[in-house]
Amino acid sequence: MAEPLSQTPATDGVAARSCHAVYAATIFLSAFLLFVVQPILAKVILPWFGGAAGVWATAMLFFQGALLVGYLYARWAVRRLPSSWQALLHVALMGLSLCLLPIVPAERWRPTGSEEASLRVLGLLGASAGLPYFLLASTGPLMQAWYAHAERVAFPYRLFALSNLGCLLALLAYPVVIEPLIGTRTQLLAWSWGYVVFCALSAAAAARYWVQRRAGPAEEEWSAEPGTPAPDAGTQLLWIALPACASTLLLAVTNHLCQNVAAIPLLWVAPLGLYLLSFILCFDRAGWYRPVWFRWLLPVTLLGMVFGVVRESSVLPPKLAIVSFGAALFICSMFCHGELAALKPHARHLTSYYLRIA
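Residues numbered from 1 in each chain as written. Predicted model: local features only at pLDDT ≥ 70, side-chain atom pairs only at ≥ 80, totals over all residues. Heavy atoms only, no water.

What follows deals with the overall build of the chain. Secondary structure summary: the chain contains 13 helices and zero strands in total. Listing the helices and strands of the chain from first to last along the sequence gives α-α-α-α-α-α-α-α-α-α-α-α-α. A buried classification covers 49% of the 358 residues belonging to the chain. Within the chain, residue pairs in contact and separated by at least 24 positions form 87% of the contacts whose partners lie at least 6 positions apart. Carbon together with sulfur atoms contributes 68% to the accessible area of the chain, which is approximately 16600 Å² in total. (Helix = DSSP H or I, 4+ residues; strand = E, 2+ residues; numbered from the N terminus. Buried < 20%, exposed > 50% of the residue type's maximum accessible area, 1.4 Å probe, protein only. Contact = heavy atoms within 4.5 Å. Areas by Shrake-Rupley, 256 points an atom, 1.4 Å probe, with all protein chains shown as cover.)

Now the structure itself:
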């Protein structure tokens, strides 16, 4: 098993304070663009298909599938390709993706009434934003692996907190600023220009990695595991189970609040924001998650949520119910993500770790 979070090697804090600006900026911008493009494209295509709930579900299937494929690509590239080929391949794919801009869905994808809606939605999203979204999805694990390899950093995971901060800001910015103040076509064009900036940052990171890898550890040294045994099967299973429990609870709490407590527009933003905040705190530094506190708070919180669901709205007024369930979700998410952060492996296993989380 990995070391407890409180005993994370000292290099973790040093690495966190010395994250190079190019890698950090690339990861942050990729997360923001990755998160904000989903509601932008959904707003465009939902009217085309009559606003059916199945259209949104199909779009989410596409985005989650592309995210997983991006993580698989990062895992494959780091494991199978030499350092120089990783950088060359990634830059080549980014160059190809620029040819697909702007990500304005073509009119030819608009349904005429006889097509299978789900297949058409998948085709539309794939043609409009498939490759850019795939590359954005791969950025977090790939850039962290490059940074760890080039800078000899064993635990670069604070960059994951930065990635989730980008997601959180996108979540808050879209309904508050972007959607009410900017037209849909302008949103698509602005996103496309943001993606151009992302590609420039990624190319700079790839060039830096190309140069620094000669001064970094050899591939053989990086592949060896001096003093850091590979995570066992039980640990790898926890990499899957802990985030799965947190995401399942997120869905359950969101559905309960939106369907049984109050029909408030954008209420779903609050639980998702708390969920992302727990990721940020747990991977930012060790002090935010205190196992002694959260391990006894967890069962108390779960019992309280069960009581609240059983008694429904007869006990708590809606505002208090929203606050109570939100706090409960945050505590449970802190436990799951705090324990997950405690199990983070040496950077040699970083892409495997993120793949299992995905």
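Counting 111 residues, the largest nonpolar core has Leu125, Trp191 and Phe283 as the members making the most contacts within it. Ranked by residues supplied to this core, first place goes to helix H5 (residues 117–151) with 16 residues. Among all residues touching Phe283, those that are not within four sequence positions of it are Tyr157, Arg158, Phe160, Ala161, His337, Leu340, Ala341 and Tyr353. (Core = buried A, V, L, I, M, F, W, Y, C linked by side-chain atoms within 4.5 Å.)

Relative to the helices and strands, His346 resides in the loop between helix H12 (318–342) and helix H13 (350–357). Separated by 2.9 Å, the side chains of His346 and Arg348 make a polar contact. (Polar contact = N/O pair within 3.5 Å; in protein donor to acceptor, adjacent residues only side chain to side chain.)

With respect to the secondary-structure elements, Tyr195 resides in helix H7 (residues 184–212). A sequence separation of 62 residues divides Tyr195 from Tyr133, and the C-alpha atoms of the two residues are 9.8 Å apart.

In this fold, Gln86 is placed in helix H4 (residues 83–98). A distance of 2.9 Å separates polar atoms of two side chains, one belonging to Gln86 and the other to Trp146. Discounting chain neighbours no more than four positions away, the residues touching Gln86 are Ala77, Val78, Leu81, Leu142, Trp146 and Tyr209.

The next subject is the packing of helix H9 (residues 233–261) against H13. At a minimum axis separation of 8 Å, H9 and H13 run at an interaxial angle of 40°. It follows that H9 is oblique to H13 by the angle criterion. As H9 packs across H13, the resulting crossing turns out to be right-handed. Residues Gln236, Trp239, Ile240 and Pro243 of H9 lie in contact with H13, whose contacting residues are Ser352, Tyr353, Arg356 and Ile357. Here the residues of the contact of H9 with H13 sort into five nonpolar, two polar and one charged. (Axes fitted to C-alpha atoms, helices over the stretch in contact; angles between N-to-C directions. Parallel < 35°, antiparallel > 145°, perpendicular 65-115°, else oblique. Left-handed = near helix turned anticlockwise from the far one by under 90°. Nonpolar A, V, L, I, M, F, W, Y, C, P; charged D, E, K, R; others polar.)

In this section: the packing of aromatic side chains. A full pass over the atoms with the stated rule returns 18 aromatic pairs. Centroid distance Phe63 to Tyr133: 5.0 Å. Interplanar angle 40°. Geometry classified as tilted. Of this pair, Phe63 sits in helix H3 (residues 53–80) while Tyr133 is found in helix H5, placing the two residues 70 residues apart along the sequence. Judged by relative accessible area, Phe63 falls into the buried class, the value being 1%. For Tyr133, a relative accessible area of 3% puts it in the buried group. Pairing Tyr157 with Tyr353 gives two aromatic rings, centres 5.4 Å apart and planes at 75°, and the pair type is edge-to-face. (Phe/Tyr/Trp six-rings, centres within 6.5 Å; stacked < 30°, edge-to-face > 60°.)

Taking 1.5 Å per residue as the helical rise, H9 with its 29 residues ought to reach 42 Å, and the 41 Å between its terminal C-alpha atoms agrees with that figure. If you check which residues of H9 are buried, you get Thr235, Trp239, Leu242, Pro243, Ala246, Leu249, Leu250, Val253, Thr254, His256, Leu257 and Val261. If you check the start of H9, you find a side-chain oxygen 3.3 Å away from the backbone N of Gly234, and it comes from Asp232. (Expected span 1.5 Å × (residues − 1).)

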